[in-house]
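Letter by letter, the chains look like this.
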Amino acid sequence: MDTTIRTAASDTAAEPAPTAAATTAPLTALWGRTEQQDFRSRVRGTLLGAAVGDALGAPVAGLSLDGIRAAHGPAGLTGPAPAHGRRGAVTAATQLTLFTVDGLVRAHVRRDAGGWHPPTDVHRAHRRWAATQHDWGPDERRADNGWLAQEEWLYVRRDPERACLTGFADDTLGTLEHPKNPTARDAAAAVRSAPFGLLVGWEPGLVLQLAVECATQSHGHPGAYLSAGAVAAVVHGLTRGESLEAAVQRTLGLLAARPGHQPVTDALRRALTAVTRGAPGPNAVEALSAGDGRDAEDVLAVAVYCALVAEDVAHGLRLAVNHGGDSTAAGAVCGALLGALHGETALPAAWLTELEGRATVLELADDFALEMTQGPALHGPKSSSPAWAARYPTATA
C-alpha cells in the first residue's frame, strides 16, 4: 500500500498529488481541557527531555566507557558537566529537533493556504537550520525566517553530522526512491524525529512514513531512516497514552512490511529482551549494539532499553550516555521517550535550570501544542492571527 505523504496544490511544482489520508481534525474536536493540558505537558516533556539528554551526553561524546570513567570517576558521568564552554550546552541534535517542530507548525499553517506537503515544509525548516551553521547571525533579509531563526543562540556549530550539512545544502528533497547520502547510517535523523510522534491526530503509519520521508532528505541508509520512523512511532504511542512496551510492539508491527527493516526490528527486539537479563548497567547497555554503537539502530536499541529500565528520568539518562557509542544521540532519544511518557514534571529540575535555550524550547513546545489544539482559530478560513503568520510565515524566498 502506498502511504507516501501527498499534498494539495501548493507553491512547489514538484510536490505530489493530494490525498485525504494525511489531513487531520483539530484536537479540540477530540479532547477536553484536561486532555489538552496533558498533551501540552507531553510535548514539553518530549522536547525538553530530548534537549536534556543531548546536553548530558555532550561532555562524553566520542569517549569509550573507560574514557568516561577516567574523566568522571568510576560511576561515570552522573550529572551535567561542561561541554562547548558551559554546563547544559546542547548540540546540533537539539537545534535540528527545534527546526523540525518549526517545519511541522508551518505545514499546518500552509495547508490553510492551499498547500499540504509536510516534507517540503520540514525540509525548508532544516535549510534554515543549515543557514545557522555558516551565518554569523540572523539575516533580516530572509522573508521566511520566522521567530525561531531569529534566535541568536542557535547560530553556532555544535558537532553536526556531515550528512546533515550536505543533505540540507540545497533545495532538492530526498525521497525513498532517491534518498540523499545513501550510505549515511548515523543517528542524526532519528534524533530529530521525535516531534513527528507528537502529531497525535495522525494515524500511526502516517507518522512513521512522514518521519521516514524527512529522514531521507539527509540519511539514505534504511537503518537510519527506518530508525527515524521508529522513534516517531514510539513517541506517538506514548503521547497517546500507551505504555513504552506497547508502543514498541506496535512499532514493530508497522516496520514489518518495510524493505530493509530487519536491523531496526532486531535492535528493538534486543532492547525488549535485555530488560529480562539482569540488572541494568553500562555493560548491559554496551551489549545492545550490533556494531560500534554509532549506527542509528544501535542508538535506538540503547535509548529504548534505558527508557524501559529507568527508575526515573535521571537514572534512564545516566544509563543512556555512559557507554562507548553515540552518547549524545542515545541521551536525546531516551530523553524524548521518557518525556513523552511522563510529561515535563518528571524531568530533573536541577538539570533543566542549566539547560541552554530552555526558554526557546518551552516557547516552541507551547506553540506546537497550540497549533495542534487550536490551529483553525489561529489561521483558519474564518479567522486568522497576523501575529501567528509573522511567527510562522509561509513565504518561500
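Refer to the structure above for everything that follows.
Residues numbered from 1 in each chain as written. Predicted model: local features only at pLDDT ≥ 70, side-chain atom pairs only at ≥ 80, totals over all residues. Heavy atoms only, no water.

Novice: When you look at the overall build of the chain in this model, what are you seeing that I'm missing?
Specialist: Within the chain, the regular secondary structure consists of 17 helices and two strands. Here the chain holds 397 residues, and the buried ones make up 58% of them. By element, 52% of the accessible surface of the chain is carried by carbon and sulfur atoms, the whole surface being about 15000 Å². (Helix = DSSP H or I, 4+ residues; strand = E, 2+ residues; numbered from the N terminus. Buried < 20%, exposed > 50% of the residue type's maximum accessible area, 1.4 Å probe, protein only. Areas by Shrake-Rupley, 256 points an atom, 1.4 Å probe, with all protein chains shown as cover.)

Novice: How should the packing of helix H9 (residues 244-255) against helix H10 (residues 262-274) be read in this particular structure?
Specialist: For any two helices packed against each other, the geometry comes down to the angle between their axes and how far apart the axes lie. In the contact formed by H9 and H10, the axes pass within 10 Å of each other and the chain directions differ by 160°. In terms of orientation, H9 lies roughly antiparallel with respect to H10. Handedness of the crossing formed by H9 with H10: left-handed. Here H9 contributes Glu245, Val248, Gln249, Thr251, Leu252 and Leu255 to the contact with H10, which in turn contributes Val264, Thr265, Leu268, Arg269 and Leu272. Grouping the constituent residues of the contact of H9 with H10 by class yields six nonpolar, three polar and two charged. (Axes fitted to C-alpha atoms, helices over the stretch in contact; angles between N-to-C directions. Parallel < 35°, antiparallel > 145°, perpendicular 65-115°, else oblique. Left-handed = near helix turned anticlockwise from the far one by under 90°. Contact = heavy atoms within 4.5 Å. Nonpolar A, V, L, I, M, F, W, Y, C, P; charged D, E, K, R; others polar.)

Novice: How do you make sense of the packing of aromatic side chains when you look at a structure like this?
Specialist: Any pair of aromatic rings gets described here by the distance separating the centres and the angle formed by the planes. Considering all chains together, one arrives at three aromatic pairs under this definition. Taking 6.2 Å as the distance between ring centres and 85° as the angle between the ring planes, the aromatic pair formed by Trp129 and Phe168 counts as edge-to-face. With Trp129 in helix H4 (residues 118-132) and Phe168 in the loop between helix H5 (162-167) and helix H6 (188-191), this residue pair connects regions lying 39 residues apart in the sequence. Residue classification places Phe168 among the buried residues on the basis of a relative accessible area of 0%. Pairing Trp388 with Tyr392 gives two aromatic rings, centres 5.2 Å apart and planes at 50°, and the pair type is tilted. Among the residues examined, Tyr392 registers a relative accessible area of 0% and is labelled buried. (Phe/Tyr/Trp six-rings, centres within 6.5 Å; stacked < 30°, edge-to-face > 60°.)

Novice: Whenever I open this one, helix H8 (residues 222-239) confuses me. Can you help?
Specialist: Count 3.6 residues to each turn of an α-helix, and residues three or four apart come out pointing the same way. Under the 1.5 Å per step criterion, the end-to-end length of H8 is 25 Å for 18 residues, consistent within 8% with the ideal 26 Å. Taken across its 18 residues, H8 has 17 buried, putting it largely inside the fold. (Expected span 1.5 Å × (residues − 1).)

Novice: Just to check I follow, could you spell out the nonpolar core for this structure?
Specialist: One recurring pattern in soluble globular proteins: nonpolar side chains tend to sit buried together. Counting residues in each nonpolar core, the largest one holds 120 residues, and the members touching the most others are Phe196 and Phe368. Ignoring any residue separated from it by four or fewer positions in sequence, one finds Phe196 in contact with Thr100, Leu104, Val122, Val207, Leu210, Ala211, Cys214 and Ala232. (Core = buried A, V, L, I, M, F, W, Y, C linked by side-chain atoms within 4.5 Å.)

Novice: Mind showing me how you'd approach unusual backbone geometry here?
Specialist: Backbone geometry places His84, a non-glycine residue, at a positive phi of 55°. Here His84 lies in the loop between strand E1 (82-83) and strand E2 (86-87). A residue is classified by how much of its surface remains accessible, and His84, at 35% relative accessible area, is partly exposed.

Novice: What exactly am I supposed to notice about the environment of Arg127 here?
Specialist: Tracing the backbone shows Arg127 in helix H4. We classify Arg127 as partly exposed; its relative accessible area is 26%. Considering only alpha carbons, one finds Arg127 and Gly167, 40 residues apart in sequence, at a separation of 9.1 Å. Filtering out sequence-adjacent residues up to four positions away, Arg127 remains in contact with Phe168, Ala169, Asp170 and Asp171.

Novice: Looking at this structure, I do not really get the state of the cysteines. What am I missing?
Specialist: Disulfide: a covalent bond formed between the sulfur atoms of two cysteine residues. Applying the stated criterion across every chain yields a total of zero disulfides. Looking at the unpaired Cys334, the closest cysteine sulfur is the one in Cys306, lying at 5.3 Å. By relative accessible area, Cys334 is classed as buried at 0%. (Disulfide = S-S within 2.5 Å.)

Novice: Explain the pattern of salt bridges to me, please; I cannot follow it from the model alone.
Specialist: In the structure shown here, the tally under the stated rule is 19 salt bridges. Where Glu242 meets Arg250, a salt bridge forms, and the shortest distance between an N and an O atom there is 3.0 Å. Exposure remark for Arg250: the relative accessible area of 21% places this residue in the partly exposed category. Through salt bridges with shared partners, a single network forms among Arg40, Arg44, Glu344 and Asp366. (Salt bridge = Lys/Arg side-chain N within 4 Å of Asp/Glu carboxyl O.)

Novice: What is the right way to look at the side chain of Ser289 in this model?
Specialist: With respect to the secondary-structure elements, Ser289 resides in the loop between helix H11 (282-286) and helix H12 (296-309). Sequence-distant contacts of Ser289, defined by excluding residues within four places in its chain, comprise Asp298 and Val302.

Novice: Could you clarify how one ought to interpret the environment of Gly220 in this entry?
Specialist: For Gly220, the location among the structural elements is in the loop between helix H7 (204-215) and H8. Excluding residues within four positions of it along the chain, Gly220 makes contact with Pro179, Lys180, Asn181, Pro182, Ala184 and Tyr225.

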